[in-house]
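One-letter residues, chain by chain:
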Amino acid sequence: MVTTYPFGMSTPAAGAATLAPRRSSRFVAWVRAWRAGLVPFDEVADAIAGDEEHLVADAPGTWTDVPLGQALPTLAKLSPDEIRLVLPAPGDPRGLPGPGDFAGAALLAGEAVVAGPLGLIPQVRTHTSGSGDMFETVLWRVYPLPPDAPSASLTLPGAAEAEAELAAALAETTAALTRLDVAQWRPELAGALEALRRPDGATDLPPGFDPRARRLFARAAVLDRVLALAGHAAPGGAVNNYEAQQRDAALRPLTTACRQALVAACNAPLRP
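No experiment lies behind these values; they were computed from the predicted model shown.

Here's the deal with the overall build of the protein chain
A tally of regular secondary structure across the protein chain gives nine helices and six strands. Per-residue burial over the protein chain gives 46% buried out of 272 residues. Taking as baseline every contact in the protein chain between residues at least 6 positions apart, the subset at least 24 positions apart corresponds to 67%. If you sum the accessible surface of the protein chain, you get close to 13,600 Å²; carbon and sulfur atoms cover 56% of it.

The following block contains the structure:
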């Protein structure tokens, strides 16, 4: 039986790439909604973890790894505006609270959560069971932030600006990939980009986010996973180094716009 994945993708590798959203985005969205009183505490850990096991290391007041639900009360005194998503990249550290262990680890991971005086970064750990089966757990490592760290970055775009930039970057990238004849060596990517022109109205955000933030997150979250797929060489593909460089150059503006869109959506003001 062939499993059908979003946007016509049918390979297991494609499905894996497109079904793995950034964990920090879900963490920020649901914890902010909880702190705004829009969702009950009992739902937050399960909504973040889904079908994964999530643990927390180095949470204040703990001496060992604890389940996510046991660590979340550490954030109970924070307001929603003190909790924000950060998606840094080499050369683009926007949103980070300054140099230090947390900033270095966040740049390496490509995602992080700033929560008041704490920073959290998800790490995926792979294990092998006694029967030889492979499974994963997610470990959220907690970092204390410098006491004089800025509370927020003023350079990050709002949802309206991020939505416009994402739409422009998507159109530009689609045209560039068409010129490169991407369909010849990555047909599922070309199909995915074309499908993204048609918003489906889906949302993966908890209550409290306005329609623009929901629309922006829905598109950026899917596109982010498509871009993760694009970063992998096509199985059996005959892409040389020059073609790979051309592909990466074409995707770079869209990758940046996508990261900014996710940040703007998850950090958007909440409404009762």
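Further notes follow.
Considering the nonpolar core
Grouped together as the largest cluster of nonpolar side chains are 57 residues, with contacts concentrated most on Phe 27, Val 31, Leu 75 and Leu 166. Looking at this core, the element that brings in the most residues is helix 9 (residues 241-266), giving 10 residues. Two domains each put at least three residues into this core: domain 1 (23-144) and domain 2 (159-267). Formed by 11 residues, the second largest nonpolar core is a distinct cluster that contains Val 86, Phe 102, Ala 106 and Val 114.

As for the sheet that holds strand 2 (residues 66-67)
Strand order in the open sheet formed by six strands is 2-1-6-5-4-3, with mixed pairing between adjacent strands. Of all strands in the sheet, those with a lone pairing partner are strand 2 and strand 3 (83-86), marking the two edges. Relative to strand 5 (residues 118-128), strand 4 (residues 112-115) runs antiparallel, the two sharing three bridges. Residue Val 113 lies in a different strand from strand 5, and its bridge partner there is Leu 120.

A look at the pattern of salt bridges
Considering all chains together, one arrives at 10 salt bridges under this definition. A salt bridge links Arg 271 to Asp 210; its shortest N-O distance comes to 2.9 Å. Taken together, the residues span a long stretch of sequence, with Arg 271 in the segment after helix 9 and Asp 210 in the loop between helix 7 (187-195) and helix 8 (211-230) at a distance of 61 residues. Relative accessible area serves as the criterion here: at 47%, Arg 271 is assigned to the partly exposed category. Several salt bridges share partner residues, and in doing so they unite Asp 92, Arg 94 and Arg 259 into one network.

Points about the packing of helix 2 (residues 23-35) against helix 3 (residues 41-49)
In the contact formed by helix 2 and helix 3, the axes pass within 9 Å of each other and the chain directions differ by 175 degrees. When the interaxial angle is binned, helix 2 and helix 3 end up roughly antiparallel. Across from Arg 26, Phe 27, Trp 30, Val 31 and Trp 34 in helix 2, the residues of helix 3 making contact are Phe 41, Glu 43, Val 44, Ala 47 and Ile 48. Looking at the contact of helix 2 with helix 3 residue by residue, the class counts come to eight nonpolar, no polar and two charged.

Side note on unusual backbone geometry
When glycine is set aside, most residues are seen to have a negative phi, and most peptide bonds are trans. One non-glycine residue, Asp 58, lies in the positive phi region at around 70 degrees. Among the secondary structure elements, Asp 58 is positioned in the loop between strand 1 (53-57) and strand 2. For Asp 58, a relative accessible area of 47% translates into the label partly exposed.

Describing the pairing of strand 1
For a regular strand, side chains alternate in direction, first toward one face of the sheet and then toward the other. Judged by how many residues are buried, strand 1 sits mostly within the fold: four of five residues are covered. Direction of pairing for strand 1 relative to strand 6 (residues 134-144): parallel, over a ladder of five bridges. Within the sheet, the bridge partner assigned to Leu 55 lies in strand 6 and is Leu 139. One ladder, built from two bridges, connects strand 1 with strand 2; its direction is antiparallel. Counterpart to Val 56 in the pairing with strand 2 is Val 66.

Scoring rules and cut-offs
Residues numbered from 1 in each chain as written. Predicted model: local features only at pLDDT ≥ 70, side-chain atom pairs only at ≥ 80, totals over all residues. Heavy atoms only, no water. Helix = DSSP H or I, 4+ residues; strand = E, 2+ residues; numbered from the N terminus. Buried < 20%, exposed > 50% of the residue type's maximum accessible area, 1.4 Å probe, protein only. Contact = heavy atoms within 4.5 Å. Areas by Shrake-Rupley, 256 points an atom, 1.4 Å probe, with all protein chains shown as cover. Core = buried A, V, L, I, M, F, W, Y, C linked by side-chain atoms within 4.5 Å. Domains from an automatic or database assignment. Pairing = 2+ DSSP bridges. Salt bridge = Lys/Arg side-chain N within 4 Å of Asp/Glu carboxyl O. Axes fitted to C-alpha atoms, helices over the stretch in contact; angles between N-to-C directions. Parallel < 35°, antiparallel > 145°, perpendicular 65-115°, else oblique. Nonpolar A, V, L, I, M, F, W, Y, C, P; charged D, E, K, R; others polar.

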